[in-house]
Structure formats: C-alpha cells, structure tokens
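If you want the building blocks of each chain, they are given just below.
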Amino acid sequence: MSATEASETLTGGCQCGAVRFATKLVGRGSICHCRMCQKAFGSFFGPLVTSHDGHWTRGEPKWFQSSDAARRAFCGECGTPLAYETKFGLELAIGTFDEPEKVPPEIQVNLSDRVPYFAGLSTLPVRETTDEWRDFMSGIHSNQHPDHDTESWPPREERL
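Residues numbered from 1 in each chain as written. Predicted model: local features only at pLDDT ≥ 70, side-chain atom pairs only at ≥ 80, totals over all residues. Heavy atoms only, no water.

### Quick look at the pattern of salt bridges
- Tallied over the entire structure, the rule returns six salt bridges.
- The salt bridge partner of E8 is K102, with a shortest N-O separation of 2.5 Å. Here E8, found in strand 1 (residues 4–13), pairs with K102, found in the loop between strand 8 (89–93) and strand 9 (105–109); they are 94 residues apart in sequence, far enough to count as distant.
- For E8, a relative accessible area of 33% translates into the label partly exposed.
- Across the pair E99 and K102 runs a salt bridge whose closest N-O atoms are separated by 3.2 Å.
- It is possible to trace a salt-bridge network through shared partners that takes in E8, E99 and K102. (Salt bridge = Lys/Arg side-chain N within 4 Å of Asp/Glu carboxyl O. Helix = DSSP H or I, 4+ residues; strand = E, 2+ residues; numbered from the N terminus. Buried < 20%, exposed > 50% of the residue type's maximum accessible area, 1.4 Å probe, protein only.)

### Things to note about the packing of aromatic side chains
- In the structure shown here, the tally under the stated rule is five aromatic pairs.
- For the pair F45 and F118, a centre-to-centre distance of 5.4 Å together with 85° between the ring planes defines the contact as edge-to-face. Here F118 lies in the loop between strand 9 and helix 2 (131–138) and F45 lies in the loop between helix 1 (35–41) and strand 3 (46–51), a separation of 73 residues in the sequence.
- Take F118: its relative accessible area is 16%, and that puts it in the buried class.
- Each ring, one from W133 and one from F136, has its centre 5.2 Å from the other, and the planes form 35°; the classification is tilted. Within this pair, W133 and its partner F136 are both found in helix 2, separated by three residues, close to a single helical turn.
- Judged by relative accessible area, which is 46%, W133 ranks as partly exposed.
- You can call F136 partly exposed: its relative accessible area is 48%.
- A connected cluster of aromatic rings, assembled from ring pairs, spans F21, W56 and F97. (Phe/Tyr/Trp six-rings, centres within 6.5 Å; stacked < 30°, edge-to-face > 60°.)

### Details of the nonpolar core
- Residues V49, L82, L92, F97 and V103 are the most contacted members of the largest nonpolar core, which totals 15 residues.
- If you list the elements that add at least two residues to this core, you get strand 2 (20–32), strand 7 (81–86) and strand 8.
- If we skip the residues at most four places from it in the chain, V103 touches L10, V49, I94 and F97. (Core = buried A, V, L, I, M, F, W, Y, C linked by side-chain atoms within 4.5 Å. Contact = heavy atoms within 4.5 Å.)

### Description of a nonpolar patch on the surface
- On the surface, W133, F136, M137 and I140 cluster together into a nonpolar patch covering about 430 Å² of accessible area.
- The topology assignment puts M137 in helix 2.
- Given a relative accessible area of 41%, M137 falls into the partly exposed group. (Patch = residues over 30% accessible without salt bridge, like charges linked within 9 Å, V, L, I, M, F, W, Y side chains within 5 Å. Areas by Shrake-Rupley, 256 points an atom, 1.4 Å probe, with all protein chains shown as cover.)

So, in structure tokens, the structure goes:
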C-alpha cells in the first residue's frame, strides 16, 4: 500500500515524555503476531504503522538490534516500545500515538505465531467498573505524559 498523507501532523511518544515523534506520511497499520513483537511489546501482538517521514521531536530512543534484519526503538527512561526499523523503513507503535484512533490496524500478519486464545479474547466476560474501583482510580496521580506535545516535561513545578 502506498503512503497516505494525514490531514494533520500526527504526534506521539513514550509514557514519560522523554521521547516524542511526529509524522504526516503514514502507511497501513498492522497487528504483527510474530514472537519478536510479542516479546518486544510484552503483549499478544505488536501494533505498528509505517511512517515514511517520522522523526524524533524530543529526545532520542535507545535501540535494540532484535535480529540481523531489524532493530527496535524504546525509551531509555521508561521502557516504552516506540518503533521497529528494517531496510524497508520505520514503523511506529500505534499505542504511542497521541490519537491512536487515527492510525487503525488494517491487517494482521505472521498468524503462524498468533497465540491460540487471541481470537477468543473479545468473548471473555466483562467485569463492570465498581464504585470502589472508581474511588481508587480517582485518587491516583498519573506521572504519564499527556496525549499532546508539551514545551517541556515534566512540568516545571514538579522538577523542584
């Protein structure tokens, strides 16, 4: 699939805000079930979208050479998986976009490594949110970077 130009610049970054990126020219989003993506994301799959003009706007990621053909970027401060790069280009982790709904996966790849129970995950029972859980969550102060660019991070008042 050829690259499509987003109507706006898409931004994202790691959980702590030390590494941020921007892109406007994106390809098809995918869910990769290969074992390397499972390990790199600590999940059932790796959600990635091709970026043809992605660049780092704050900080630089650390890189791990995961194979002789690919390397993976992650934040050296908080460990967030950020990207995957081969000779074919850069792919950014969908979950790290400030608005991940703008780069939805359109295809699944490497199904031979898909964990057997993946297809049934949406059929699992759902536990409704309780008042106790809402109370617990309302008392938490998140140190996570917000889903938008900031001039600096953490906020100045928290650096004291």
